[in-house]
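# Examination of the molecular architecture
The lines below spell out each chain.
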Amino acid sequence: MTTPEQDRWSRVKSRLRSNVGEDVYTSWFARMDLEGVQDESVRLSVPTRFLKSWIQAHYAERVLSCWQAEMPEVHRIDLTVRSAVRPVVQQKEAPAPVEPRRSPAPELRSTATAPVSANHDALGGSPLDPRLTFASFVVGRSNTLAHAAARQVAEGRRGDPVMFNPLYIHAGVGLGKTHLLQAVTWAGNSGNERKVLYLTAEKFMYGFVAALKTQTALAFKEALRGIDVLVIDDLQFLQGKSTQAEFCHTLNALIDAGRQVVIAADRPPSDLESLDDRVRSRLAGGLVVEMASLGEELRHGILKSRVAAARAHHATFEVPEEVLTYLARAITHNGRDLEGAINRLLAHSKLNNRPVTLEMAEHEVRDLIRPQEPKRIKIEDIQRVVARQYNVSRSDLLSSRRTANVVRPRQVAMYLAKTLTLRSLPEIGRRFGGRDHTTVLHAVRKIEALVSKDTALSDEVESLKRQLQE
């Protein structure tokens, strides 16, 4: 028969589980025991010093608030490390209390202030969209490999050999990479066998900086390295030398320990110039998969999927096949525009009580039909295409070599960088091995002069422009 104290503790644990989520609760609180309640103080114990320091630094306020919901008179949590064999009498070693400031509304001291809460949030993961699962992901020619690799990762079990590590998926905006990463997270966590953590690069940075400020960086690192599958989204936004160094150490530690890492970015590892060479090398050593632009057939499939999802809540919503065909042909930019088009048709149909027609669709989505914008060309693309054209390596273009077979391609690449991008001369010089802007200016003027009188070179340059703009 349970005591009132034990019943209270069960209710507190239920509140805590609801508050922090099942995964966080299992990771940090499953082995926490109640030692006793006395006056305004609750005594709890955990089996390790690491758990004690982590809970004190990141969850003290939540534990206290859950207790106060059951016992408003509680103003203090004492957390101790219990030995393997519990003594009848508590050791004389003083517990490390989490004390409130004396005020009508109890507050915890600095170990549970906002920055630490943010740090906890980082380890709790970034928010997940319940719609972004494998079931709602539409597979087509441009994303088949990425989808298959992501499913392989998601279906793995703890202890299985890791096949792709890291799995690195890159794609432009709105092509489905975040959908795949969140699908991996949902699928991985559904079995409760592995700990799968989804973080944006921004959340990773914020958590690490907060841990440094609160002097809990060691606990932050240890917690991250205890994850079975680490999923990082938008890696291109990872900034700061110390943060990148910590990411590199975490990446190495997880891969070396046979844990899975999944990463997404808007460009391949070689183009992430803000990252350290060691990180780029490690990323490139896994499976790098590109998700290409959406073909018309895939766009049509996505539209049908979104209509079906809308019909689950609005049973009478119908979009004629001719409208779906029109939208699939007209809206080519990304998947988010396709979803936006369906949302507009749904809103217009429901609010005006009118069926969806081709005329309505043409009017409602006209601003989503973007003119064929010139492709945004990157200097890395120019270097790669020019190197291939002239049968030299990209590293040759960046080197200090002055042989004729390297100088001309380098000058052509600089000329194209100036004419096809908005980069300044100093920036172009920096991207070509740290050269001075006057060197770039000389190259541009040289090629301009040659193109005006050398027909063969002019044709070569025009051919390169077409390749880059396609």
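Rules and cut-offs
Residues numbered from 1 in each chain as written. Predicted model: local features only at pLDDT ≥ 70, side-chain atom pairs only at ≥ 80, totals over all residues. Heavy atoms only, no water. Axes fitted to C-alpha atoms, helices over the stretch in contact; angles between N-to-C directions. Helix = DSSP H or I, 4+ residues; strand = E, 2+ residues; numbered from the N terminus. Left-handed = near helix turned anticlockwise from the far one by under 90°. Contact = heavy atoms within 4.5 Å. Nonpolar A, V, L, I, M, F, W, Y, C, P; charged D, E, K, R; others polar. Expected span 1.5 Å × (residues − 1). Buried < 20%, exposed > 50% of the residue type's maximum accessible area, 1.4 Å probe, protein only. Arc of directions from axis to C-beta. Core = buried A, V, L, I, M, F, W, Y, C linked by side-chain atoms within 4.5 Å. Salt bridge = Lys/Arg side-chain N within 4 Å of Asp/Glu carboxyl O. Phe/Tyr/Trp six-rings, centres within 6.5 Å; stacked < 30°, edge-to-face > 60°. Lys NZ or Arg CZ within 6 Å of the ring centre and 35° of its normal. Pairing = 2+ DSSP bridges.

The next subject is the packing of helix α16 (residues 379–390) against helix α18 (residues 404–420). Between α16 and α18, whose axes approach to 9 Å, the crossing angle comes to 145°. Pair α16 / α18 crosses with right-handed handedness. Between α16, through Ile 379, Ile 382, Val 386 and Tyr 390, and α18, the contact on the second element is made entirely by Pro 409, Val 412, Ala 413, Leu 416 and Ala 417. Across the contact of α16 with α18, the residue classes break down as nine nonpolar, no polar and no charged.

Further remarks concern helix α1 (residues 4–20). In a regular helix each residue adds 1.5 Å, so 17 residues correspond to 24 Å; α1 covers 24 Å between its end C-alpha atoms and thus fits that length. Along α1, the positions that sit buried rather than exposed are Trp 9, Val 12, Leu 16 and Val 20. Summarising the axial view, the buried residues of α1 lie within an arc of 60°, below the 170-degree limit, and thus occupy one face. Opposite the buried face of α1, at more than 90 degrees from it, the exposed residues are Pro 4 and Ser 18. The first or second residue beyond α1 is Gly 21, which carries a positive phi of 95°.

This part is about unusual backbone geometry. In this chain, Asn 165 is followed by Pro 166 through a cis amide linkage whose omega measures -5°. Mapping Pro 166 onto the fold places it in the loop between α6 (144–154) and β7 (167–170). Even without a glycine there, the phi angle at Asp 234 is positive, about 55°. Residue position: Asp 234 is located in the loop between β9 (229–233) and α10 (241–256). Despite not being glycine, Asn 391 has its phi angle at roughly 60°, a positive value. By the secondary structure assignment, Asn 391 is in the loop between α16 and α17 (394–398).

Take the nonpolar core next. One finds Phe 29, Leu 44, Trp 67, Leu 235, Phe 247, Ile 263 and Leu 283 to be the most contacted residues of the largest nonpolar core, which totals 55 residues. Setting aside anything within four residues of it in sequence, one finds Leu 235 in contact with Tyr 168, Ala 201, Phe 247, Ile 263, Ala 264, Ala 265, Leu 272, Leu 275 and Leu 283. Core analysis: the next-biggest nonpolar cluster, separate from the first, contains 46 residues, Phe 137, Ala 171, Val 323 and Met 360 among them.

Attention shifts here to the pattern of salt bridges. Counting across every chain of the model gives 17 salt bridges. Across the salt bridge formed by Arg 76 and Asp 78, the nearest N and O atoms sit 2.9 Å from each other. A salt bridge links Glu 339 to Arg 306; the nearest nitrogen and oxygen atoms lie 4.0 Å apart. Placement of the pair is Glu 339 in helix α14 (residues 335–352) and Arg 306 in helix α12 (residues 296–311), with a sequence separation of 33 residues. Sharing partners across several salt bridges, the network here consists of Asp 129, Arg 131, Arg 306 and Glu 339.

On to the packing of aromatic side chains, then. A complete count under the given rule lists three aromatic pairs for this structure. Ring geometry for Phe 29 versus Tyr 59: centroids 5.2 Å apart, planes at 80°, classification edge-to-face. Here the residue Phe 29 occupies a position in the loop between α2 (22–28) and β1 (33–38), and Tyr 59 occupies one in the loop between α3 (49–58) and α4 (60–70), the gap between them amounting to 30 residues. Exposure class is identical for Phe 29 and Tyr 59. Each is buried. It is Arg 151 that lies over the ring of Phe 134; its NZ or CZ is 4.6 Å from the centre.

Counting through the fold element by element, Ser 142 comes out in the loop between α5 (114–124) and α6. Filtering out sequence-adjacent residues up to four positions away, Ser 142 remains in contact with Glu 290, Met 291, Ala 292, Ser 293, Leu 294 and Leu 298.

Turning next to the sheet that holds strand β10 (residues 260–265). The parallel open sheet is built from five strands, whose spatial order is β8-β9-β10-β7-β11. Sheet topology places β8 (196–200) and β11 (287–290) at the edges, where each strand pairs with a single neighbour. Averaged over all pairs of adjacent strands, the angle between strand axes in this sheet comes to 15°, irrespective of strand direction. As paired strands, β9 and β10 are joined by four bridges and run parallel to one another. By the bridge assignment for β10, Val 231 is matched with Val 262. Against the sheet, helix α7 (residues 177–190) engages β7, β8, β9 and β10, with an angle of about 155° to β8.

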